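Structure at a glance
Here are the chains, one letter per residue:
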Amino acid sequence: MTKSERLFQEAVQVIPGGVNSPVRAFGSIDSTPRFIKSAEGACLYDEDGNCYIDFIGSWGPMILGHSHKAVVERVTQACQQGLSFGAATAAEVEMAKLVCSMVPSIEMVRMVNSGTEAVMSAIRVARGFTRREKIIKFTGCYHGHFDALLVQAGSGVMTAGVPGSLGVPAGCTKDTLLAEYNDLESVQRHFARCAEEIAAVIVEPVAANMGVVPPASGFLEGLRQLCDNNGALLIFDEVITGFRLGPAGAQGYYDIVPDLTTFGKIIGGGMPVGAYGGRRDIMELVAPLGGVYQAGTLSGNPIAMAAGIAQLTILKEHPEYYQQLNERGDWFYGQIEQFVKAAGLSCTVNHVGSLGCLYFTDQEVVDYESAKTSDTKAFADYCNYMIEHGIYLAPAQFEAMFLSLAHTDEMLENVLKCIKQYFNL
Ligand SMILES: *Cc1c(COP(=O)(O)O)cnc(C)c1O
């Protein structure tokens, strides 16, 4: 038995499913989790001493690669000054200014501790601002485990093959309206029925929790228009795309201005950080300035801010990194697409910049329904092969692959070779 297997046996006794987040479970690929001991650059090392090229990157945060020197140094320094004060710090001002300077639509921003919290708070602000209660979300989009949005969600919920979660009272989702990704008519229908009740439309500008589904041309523009025409707010959930597709995330990449934006993952540089922000007149409604209450004992924690500031500063100072990363993504996923097509495999490759997904379906994947045509058993077989060959993929079909700046051309060539081997090409 490997050390990971032994740890997993112990873990399941004391942690539900042996993991602290369902997406870390290997159940959907009929395997058991590798327990990770350390990481550097694009590599993960497990408790058994195996080394992997990592395509999860902590589900996005590690855009500079693991254990980046500047980030670790700044965190170490911050630790020596105290772990938490529960009082205002200079680091919070620096962080807020950084975010505002990188994302033009953000005039004011509030730090929280996770993407879930960011979304939950942004929804409350949108409802407070519009004095309306209904929210439109898209099937297959994931916005964290907040009650009101845990309906036909992507990510682990989709992998589990369930429509929602036990324990979510019907009252919490009665104001959640579902629409189909890349289908403006499905949004229009809700507005036609109850425009005066709709507070906001929340969307992942690139859907990255049902694999990777790019927005169809005109989709995000159409949402902006529909919101404007009906007095609703447009919320971009950029927990994955923020600071990844470019310094201004997907909104910069596609040139659309949302009213509110949520961040998580990359913004914390590996520490638990989320944030929400947007138009000043909306954000001025947040307590203690306004009547929308939202608080957090550890929000803006100095260690977390240190990691986030260090990572965002590097990204801000090196806009060329984004060009490099996006080009590498275009090349890498393009290569996979090429040999999938040449060999006539029943696979589809979607990608936007450094985010990509190899779906085991021959259908074009544009939304939740088409993503679900994937053969998850075929994916499981492929995924296990890759992990056994030192390539650490998310253990589920409906998750993205995350490239980082630490993935070298040589590593990616080796990964391509391994994929070809698997398919006998
Ligand atoms: C991961 C994710 C969340 C939730 O963030 P947590 O930090 O896991 O709570 C919300 N929205 C999107 C788009 C995500 O990918």
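Here's what I pulled together on the structure shown here. (Residues numbered from 1 in each chain as written. Predicted model: local features only at pLDDT ≥ 70, side-chain atom pairs only at ≥ 80, totals over all residues. Heavy atoms only, no water.)

**Here's the deal with the overall build of the protein**
Heads up, the condition is: By definition, any uninterrupted DSSP run of H or I lasting at least four residues is a helix, any uninterrupted run of E lasting at least two residues is a strand, and each is numbered from the N terminus. For the radius of gyration, the atom set is restricted to C-alpha positions; the globular benchmark scales as 2.2 Å times the number of residues to the power 0.38. Residue exposure (1.4 Å probe, protein chains only): buried if accessible area is under 20% of the type maximum, exposed if over 50%, otherwise partly exposed. Any two residues whose heavy atoms approach within 4.5 Å at even a single point are treated as in contact. Working definition of accessibility: Shrake-Rupley area with a 1.4 Å probe, residue cover restricted to the visible protein chains.
Within the protein, the regular secondary structure consists of 15 helices and 14 strands. Computed over the C-alpha atoms, the radius of gyration of the protein is 21 Å, within 12% of the 22 Å expected from 2.2 N^0.38 for a compact globule of 425 residues. Buried positions account for 56% of the 425 residues belonging to the protein. By sequence separation, contacts in the protein at least 24 residues apart represent 71% of the contacts at least 6 residues apart. About 17,900 Å² of surface is accessible on the protein, with carbon and sulfur atoms providing 51% of the total.

**Digging into the sheet that holds strand β8 (residues 233–237)**
Put simply, the rule is: By this definition, two strands are paired if DSSP reports at least two bridges between them. In this analysis an axis means a line fitted to C-alpha atoms, helices contributing only their contacting stretch, and an angle means the value between N-to-C directions, from 0 to 180 degrees.
The sheet built from seven strands is open, its strands ordered β4-β10-β9-β8-β7-β5-β6 with mixed pairing. Of all strands in the sheet, those with a lone pairing partner are β4 (108–112) and β6 (176–179), marking the two edges. Geometrically, the sheet is characterised by an average inter-axis angle of 20° between neighbouring strands, direction not taken into account. When strand β5 (residues 134–138) meets strand β7 (residues 198–203), the two strands line up parallel, connected through three bridges. Counted as the bridge partner of Ile136 is Val201 from β7. Contacting β4 and β9 (260–263), helix α3 (residues 90–102) runs over the sheet at an angle of about 125° to β4.

**A closer look at helix α1 (residues 3–14)**
Applicable threshold: Expected span of a helix, by definition, is 1.5 Å for each gap between consecutive residues, and there is one gap fewer than residues. In this context, the arc is that of the directions from the helix axis out to the C-beta atoms.
Given a rise of 1.5 Å per residue, twelve residues ought to cover 16 Å, and the 17 Å separating the end C-alpha atoms of α1 matches this to within 8%. Those residues of α1 that fall on the buried side of the exposure criterion are Ser4, Phe8 and Ala11. On an axial view of α1, the arc spanned by its buried residues comes to 65°, and they lie on one face. With respect to the buried face of α1, the exposed residues turned more than 90 degrees away are Glu10, Gln13 and Val14.

**Concerning the site of the ligand**
Heads up, the rule is: Put simply, a residue is near a molecule or strand once any heavy atom of it comes within 4 Å of that molecule or strand. Throughout this description, a polar contact denotes any pair of N or O atoms lying within 3.5 Å of each other; where both atoms belong to protein, one of them has to be capable of donating a hydrogen while the other can accept it, and for residues adjacent in sequence the pair is counted only when both atoms sit in side chains. Basically, the charged four are Asp, Glu, Lys and Arg, the nonpolar ten are Ala, Val, Leu, Ile, Met, Phe, Trp, Tyr, Cys and Pro, and anything else, Gly included, counts as polar.
What surrounds the ligand is the set Ser114, Gly115, Thr116, Tyr142, His143, Gly144, Glu204, Asn209, Asp237, Val239, Ile240 and Lys265. Measuring from an oxygen atom of the ligand, one finds a side-chain N or O atom of Thr116 at 2.5 Å. One nitrogen or oxygen atom from the side chain of Asn209 is found 3.0 Å from an oxygen atom belonging to the ligand. The protein chains hide 83% of the 380 Å² of surface that the ligand would expose on its own. Across the shell around the ligand, the residue classes tally to three nonpolar, six polar and three charged.

**Points about the packing of helix α11 (residues 302–317) against helix α12 (residues 319–342)**
For any two helices packed against each other, one specifies the inter-axial angle together with the distance between the axes. We count it as follows: In what follows, roughly perpendicular refers to angles from 65 to 115 degrees, roughly parallel to angles under 35, roughly antiparallel to angles over 145, and oblique to any angle outside these ranges.
Contact geometry for α11 and α12: axes closest at 4 Å, N-to-C directions at 85°. On the basis of their axis angle, the class for α11 and α12 is roughly perpendicular. Together, Ile314, Leu315, Lys316 and Glu317 of α11 and Pro319, Glu320, Tyr321 and Tyr322 of α12 make up the contact between the two elements. Grouping the amino acids of the contact of α11 with α12 by side-chain chemistry returns five nonpolar, no polar and three charged.

**Some words on unusual backbone geometry**
Residues Ala287 and Pro288 are joined by a peptide bond in cis, for which omega reads 10°. Relative to the helices and strands, Pro288 is located in the loop between α10 (280–283) and α11. For Arg131, which is not a glycine, the phi torsion comes out positive at approximately 55°. The residue Arg131 is located in the loop between α4 (115–130) and β5 in this model. The phi torsion at Asn182 lies on the positive side, around 65°, for a residue other than glycine. Take Asn182: it is sitting in the loop between β6 and α7 (184–194). On the accessibility criterion, Asn182 (21% relative accessible area) is partly exposed.

**Overview of the packing of aromatic side chains**
By convention here, two paired aromatic rings are described through the distance between centres and the angle between planes. Rule in force here: Working definition: a ring pair exists when centres of Phe, Tyr or Trp rings (six-membered ring for Trp) sit within 6.5 Å. Plane angles under 30 degrees give stacked, over 60 give edge-to-face, the rest tilted.
All chains considered together, the criterion is met by 17 aromatic pairs. Consider the rings of Phe55 and Phe332, whose centres lie 5.8 Å apart with planes at 5°: the pair is stacked. A residue pair is termed long-range when its members are at least 10 positions apart, and Phe55 in the loop between β3 (51–54) and α2 (69–80) and Phe332 in helix α12 qualify at 277 residues. The exposure class of Phe55 is buried, given its relative accessible area of 0%. Pairwise contacts between aromatic rings join Phe360, Phe379, Tyr382, Tyr385, Tyr422 and Phe423 into one cluster.

**Remarks on the environment of Ser346**
Looking at the element boundaries, Ser346 is found in the loop between α12 and β11 (348–352). On a C-alpha basis, the gap between Ser346 and Met111 in space is 44 Å, while along the polypeptide they are 235 residues apart. The residues contacting Ser346, other than those within four sequence positions of it, are Tyr359, Phe360, Thr361 and Asp362.

**Brief notes about the sheet that holds β11**
Overall, antiparallel pairing links the three strands, which are arranged β11-β12-β14 in an open sheet. Of all the strands in the sheet, the pair left with one neighbour each is β11 and β14 (401–402). Alignment of β11 against strand β12 (residues 355–359), held across five bridges, turns out to be antiparallel. Looking at β12, one finds that Asn350 is bridged to Cys357. Contacting β11, β12 and β14, α12 runs over the sheet at an angle of about 170° to β11.

**Concerning the environment of Glu320**
Within the element layout of this structure, Glu320 appears in helix α12. A relative accessible area of 36% places Glu320 in the partly exposed class. On a C-alpha basis, the gap between Glu320 and Asp183 in space is 34 Å, while along the polypeptide they are 137 residues apart.

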